[in-house]
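Chain by chain, the residues:
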Amino acid sequence: AALLDGWGPEWPGYSELSHARSYLLLQQGRLDEALEEAGRYRGPDPHEILFAIGSSAWTEATQNRVLSPEARAAVIELGPQALRGAMEARSDDFAAVGYTSLLLREKAKLTSDPDARQELIDEAGRLQKLAYELQAKAREAKEKGQRRMA
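Summarised in this report is the structure supplied together with it. (Residues numbered from 1 in each chain as written. Predicted model: local features only at pLDDT ≥ 70, side-chain atom pairs only at ≥ 80, totals over all residues. Heavy atoms only, no water.)

## Some remarks on the pattern of salt bridges
Within the structure shown, the criterion is met by eight salt bridges. Of the charged contacts, one joins Arg72 and Glu106 as a salt bridge, the two residues approaching to 2.3 Å between their closest N and O atoms. Here the residue Arg72 occupies a position in helix α5 (residues 69-89), and Glu106 occupies one in helix α6 (residues 94-110), the gap between them amounting to 34 residues. Grouping residues by exposure puts Arg72 and Glu106 together as buried. Through salt bridges with shared partners, a single network forms among Arg72, Glu106 and Lys109. (Salt bridge = Lys/Arg side-chain N within 4 Å of Asp/Glu carboxyl O. Helix = DSSP H or I, 4+ residues; strand = E, 2+ residues; numbered from the N terminus. Buried < 20%, exposed > 50% of the residue type's maximum accessible area, 1.4 Å probe, protein only.)

## Some thoughts on the packing of aromatic side chains
One pass over the full model with this rule turns up two aromatic pairs. For the ring pair Phe51 and Tyr99, a centre distance of 5.6 Å and an interplane angle of 70° mean the geometry is edge-to-face. Of the two residues, Phe51 is situated in helix α4 (residues 47-63) and Tyr99 in helix α6; the sequence distance between them amounts to 48 residues. Assessed through its relative accessible area of 23%, Tyr99 is described here as partly exposed. Relative to Tyr99, the ring of Trp58 has its centre 5.7 Å away and its plane inclined at 65°; by these criteria the two rings are edge-to-face. Placement of Trp58 in helix α4 and of Tyr99 in helix α6 is noted, with a sequence separation of 41 residues between them. Each residue in the set Phe51, Trp58 and Tyr99 is aromatic and connected to the rest through ring pairs, giving one cluster. (Phe/Tyr/Trp six-rings, centres within 6.5 Å; stacked < 30°, edge-to-face > 60°.)

## As for the nonpolar core
Membership of the largest hydrophobic core comes to 29 residues, with the highest contact counts inside it found for Leu26 and Ile53. Of all elements in the fold, only α2 (16-27), α3 (31-38), α4, α5, α6 and α7 (114-149) reach the threshold of two or more residues within this core. Considering each element in turn, this core owes the most residues, seven residues, to α5. Discounting residues that sit within four places of it in the chain, Leu26 has contacts with Leu31, Ala34, Ile49, Ala52, Ile53 and Ser56. (Core = buried A, V, L, I, M, F, W, Y, C linked by side-chain atoms within 4.5 Å. Contact = heavy atoms within 4.5 Å.)

## So, the side chain of Arg72
Overall, Arg72 belongs to the buried group, its relative accessible area being 19%. At a separation of 2.9 Å, a polar atom in the side chain of Arg72 contacts the main-chain carbonyl oxygen of Ala61. Setting aside anything within four residues of it in sequence, one finds Arg72 in contact with Ala61, Leu67, Glu106 and Leu110. (Polar contact = N/O pair within 3.5 Å; in protein donor to acceptor, adjacent residues only side chain to side chain.)

Below you can see the structure in the form of structure tokens.
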């Protein structure tokens, strides 16, 4: 990180430094800082890093057994933030929609209010259905493209 920080003053308009720094922070498991840095990225397509942060949040929330309940809740909150940004960059990304659905289901598990829990489950179901629809459209477009090339 220090190396990238040192390059900042030399290349003040180079947006890829922020992108690289986001990935570095992500690899270090510092998801909140990675998301904050990704928010500074002014390159052409923030989708990739935002999707990586969001999907990593799901992995961290579901597979890290040493997370405290508070840390797990924070990771579950952070994931959809990143994934919403990824979906804004590419509205046809069925994987980002699917991960958001999964994270909302994890959030529902932590919610004590039955009405709020049901709202989260309903939203997760809606997003899961949307993910399937987007995936079907992507598959159909791919098949059409392959037929044109034949």
